[in-house]
Amino acid sequence: MDRYDGFREFVRARQQSLIRTAYLLTGDAHLAEDLLQSVLVKVAGQWPKLLRNGNPEAYTRKALINQHISWRRRIRRELPSADPPEYGRSHDDSTIDRIVLRQALLRLTPRQRAVIVLRFYEDRTERETAELLNCSLGTVKSQTHHALGRLRVLAPELAHLLTEADAQEVNR
Amino acid sequence: MTRLHDTLHRIADEAPAVDLADRAVRGSRRRRRRRTALAAVAAVIAGGLAVGGGTGLLPFRPAHDTVASPVNPRSWEIESSPLPDSGVGPLAYAYPTSCPDRDAPPDCESGAWRVVTRDGETYDVPQALGLDSGGEIRGPLTITPDGRFMAYYSRRDGTFKVRDLESGKELTAPSKVEKEQLNGEVFLRLSDDGRHLAVTVFGSSKRLAVSIDMRNGRTTGLPSGWMPVSVANDGDPITVVDWTDTSSTVRLISPRGDGPAYVIPEYGQRFSALSPDGRTIVKIGMTRNGDGPLDEDGTLGVYDTVEKSWSKVEIRGLPDDTVALRLGHWLDGTTVTAWTVVSADGHRQDDDTTTVHAVDITTGQARLLRTYPFPDVVVPGMVQ
C-alpha cells in the first residue's frame, strides 16, 4: 500500500478551493502556489496519520494560515508596487472595489490579512477563527477591528464595503 | 453576505488553476529521503561527540538533542539559559522559539529570541522583543558578521540597543520607538563594528526610516520606502535599494542624507552588503519566465558603482536543485555569502534547515560554509 493512497484524490478535490484562500492571503498567484505546495508537502508527509486520526482538510487549512503568517518576509519580496490603480472608463464600480481592496490587503500584516480572509471570505465564526489562528477570542475581535480600521485608512473609498462588515461584527 | 464578502470572492476568482498533487508527493518523498540522510549524519556526529569531539557541522551542544531530533529540534527540548551579563562568545546564529506541536509544554513561549554561540551555548534573550503577545508585532534581531555584536529592540527601554556580547556593554538609541511602529516589516541593519544602525519599517502607520550612530546618537533620516541593505563602519555610506518590475536602484546615502543613485536594469530586492572597498554590490539574478513570475535564474548580478558596470555570473558548484535566495556580507574582496535553498519547479523544497554558501563573484564558484539546524535562522551578516 502506498503511503500516499488517497492523498492525490484529496488534493485534486480541494486544491482549487485552497488556492483561492492562498491567493487572498498572498495577493500573488506564484506565491499562492508556492505557499499551497509547501503546505501540501507537509500534509503528504502526515497523510497516513491524518487518514487515521484527523481531518485532512481542517489540518491543511490551519497549516496554510500558519505558514502564511510565518512567511512574512518572503511574501514581501514579491509585492507589486503600491501604485494606485488606474481608474479607466472601462472599469465598473465592482472592478474598482476589487482592485483597490486587493492592493489594500497587500498592505496589511499577515495576521490582519488572515483574519479578514477567515472572517469575511470564508465566513468563519470568531471561535473558528481563533482556533485556526491559535489565539484567543479576544485577539480575534481586536485583530478584526484593527484590520478593518487599517483598511479604512488605506482605502477610504472602500467605506461602503467596510461599513457593512463593521455592522456584521457588531451583530455577531 | 456582505459586499466585502463578494469582493473578496471576486479577488479569489483571479487565483490560478493548479495541479499540485504529484508535485506535493514528490516533495514529500524528497523530504523523507533528506530526513533519513540527516539522521544518519546526526548519528555519526553523536558518535563523534560521545568520544569527546564534535565536527561542528551542526552547531549544537547537547548530543542527545541531535540524536532525538536531528532536523527541526523542538525549542523546548533544547537546553538554554538567560544571556549572561558578559563573557558571551561570538554568535553562530539566532532563532525565535516555536511551540507548534500539541505536546509542547504549557510554559513553552513562542517567538522568543534565542542565540547560539559558535561554541554551541544556547541563550535566551528575554530583553529582546520577539513576537509580542498579540501576535501582531515581531521584534527584529540582527548579528554582525563576526558574531560579536547584536542589535535588538528592547522591551524594557522601548528602543533599539546594540550589545557587545563579550563585554556586555550596550549602546542605546537616543529616542524611543513605540512598539506599534514595528507593526509592519522591519529591516534592521548593523555596521560590522556594531556602531551604526539602520532601521526602516514598511507598512507601519507611523514612518520609521533612520540610521543612528549609536555612540553619539547622531541620526540620519533615510528615504521613505527604500530598503536598507547595509551600513559601512563609519556610517558612510548607508546602502538602500528600491525596485520596480524591470529595474532596481541602489543609493549610497551619506550621513548628510544625500548620495548617488545607480540604476540596475533588472528587478530585485535581494542584495548583498556593499563590498568592503565600497564599490561593488551583488544581487540575486532574476529573470521573468515569459509572462510568468520573476524567478531566481541561477546567477549573481554584479554592479560596480565606480565603473557603473553591470554583469551577471552563473553560480556554479551548488548541489542539484539548489538556488541562492539571499546574500550577505563579504568574506574577502571577491567572495560573498549566500543563503541557499533546495528548490524545484520554482518552489522551495527544504524548510528544515538553513544553508549558507560562499560564492566567488568573479567565477561564480560556490562552496558550502555552514548548515544550521533550523529553517530561517538569523545568520550573522546576512541581509534578511
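Residues numbered from 1 in each chain as written. Chains lettered and ligands numbered in written order. Predicted model: local features only at pLDDT ≥ 70, side-chain atom pairs only at ≥ 80, totals over all residues.

Participant: What is the right way to read the overall build of chain A from this model?
Facilitator: Counting its regular elements, chain A contains 9 helices and 0 strands. Along the chain direction, N to C, the helices and strands of chain A fall in the order α-α-α-α-α-α-α-α-α. For chain A, buried positions account for 42% of its 172 residues. Counted over contacts in chain A with a minimum sequence separation of 6, partners at least 24 positions apart contribute 62%. (Helix = DSSP H or I, 4+ residues; strand = E, 2+ residues; numbered from the N terminus. Buried ≥ 20, exposed ≤ 12 C-beta atoms within 10 Å, placed from the backbone. Contact = placed C-beta atoms within 7 Å.)

Participant: I'm lost on unusual backbone geometry in this one. Help?
Facilitator: Put simply, Asp236 of chain B and Pro237 of chain B share a cis peptide bond, and its omega is 5°. Considering the arrangement of structural elements, one finds Pro237 of chain B in the loop between β13 (227-231) and β14 (238-243). Here the phi dihedral of Asp123 of chain A falls at roughly 55°; this positive angle occurs in a residue that is not glycine. Note on placement: Asp123 of chain A falls in the loop between α6 (110-121) and α7 (126-133). With a phi close to 55°, Lys308 of chain B is a non-glycine residue in the positive phi region. Tracing the backbone through its elements, the reader meets Lys308 of chain B in the loop between β18 (294-304) and β19 (309-314). By C-beta crowding, Lys308 of chain B is classed as exposed, having 10 other C-beta atoms within 10 Å.

Participant: Mind showing me how you'd approach the sheet that holds strand β3 (residues 113-117) of chain B here?
Facilitator: The pairing of strands in a sheet happens through backbone hydrogen bonds and is either parallel or antiparallel. Residue and element names in this part refer to chain B. Taken in spatial order, the 4 strands line up as β1-β4-β3-β2 in an open sheet, and their pairing is mixed. Sheet topology places β1 (81-82) and β2 (91-96) at the edges, where each strand pairs with a single neighbour. Sheet topology places β1 next to strand β4 (residues 122-124); 2 bridges connect them, and they run parallel. Along β4, the bridge assignment pairs Pro82 with Asp124. (Pairing = 2+ DSSP bridges.)

Participant: What's the story with the pairing of β2 of chain B in this structure? I'm lost.
Facilitator: Taken residue by residue, a regular strand's side chains alternate between the two faces of the sheet. All names here are of chain B. In terms of residue burial, β2 counts as a mostly covered element, since 6 of its 6 residues are buried. Across 5 bridges, β2 lies against β3 in antiparallel orientation. Bridge pairing links Tyr93 to Val116 in β3.

Participant: Got a minute to help me understand the nonpolar core in this structure?
Facilitator: In globular proteins that are soluble, nonpolar side chains generally tend to be buried together. Counting 82 residues, the largest nonpolar core has Leu91, Tyr93, Ala94, Met150 and Leu197 of chain B as its most contacted members. In contact with Ala94 of chain B, not counting residues within four places along its chain, are Trp113, Arg114, Val115, Leu141, Ile143, Val377 and Val378 of chain B. Counting residues in each nonpolar core, the second largest holds 55 residues, with Ala22, Leu40, Ile65 and Tyr121 of chain A among its members. (Core = buried A, V, L, I, M, F, W, Y, C linked by C-beta atoms within 7 Å.)

Participant: Quick question: what am I supposed to make of the sheet that holds strand β5 (residues 141-143) of chain B here?
Facilitator: Residues and elements named next belong to chain B. The strand order across the open sheet built from 4 strands is β5-β6-β7-β8, with neighbouring strands paired in antiparallel fashion. Both outer strands of the open sheet, β5 and β8 (170-172), are each paired with one neighbouring strand and no more. Neighbouring strand axes in the sheet, compared pairwise and without regard to direction, differ in orientation by 20° on average. (Axes fitted to C-alpha atoms, helices over the stretch in contact; angles between N-to-C directions.)

Participant: For this particular structure, what's the right way to read the packing of helix α1 (residues 7-26) of chain A against helix α3 (residues 56-70) of chain A?
Facilitator: In a pair of packed helices, the angle between the axes and the distance between the axes together describe the arrangement. All names here are of chain A. Relative orientation of the contacting elements α1 and α3 amounts to 25°, with a least axis distance of 11 Å. Judged on the interaxial angle alone, α3 and α1 are roughly parallel. Crossing geometry of α1 relative to α3 is assigned as right-handed. Here Phe10, Arg14, Leu18, Thr21, Ala22, Leu25 and Thr26 of α1 lie close against α3, whose contacting residues are Pro56, Glu57, Thr60, Leu64 and His68. Partitioning the contact of α1 with α3 into residue classes produces 6 nonpolar, 4 polar and 2 charged. (Parallel < 35°, antiparallel > 145°, perpendicular 65-115°, else oblique. Left-handed = near helix turned anticlockwise from the far one by under 90°. Nonpolar A, V, L, I, M, F, W, Y, C, P; charged D, E, K, R; others polar.)

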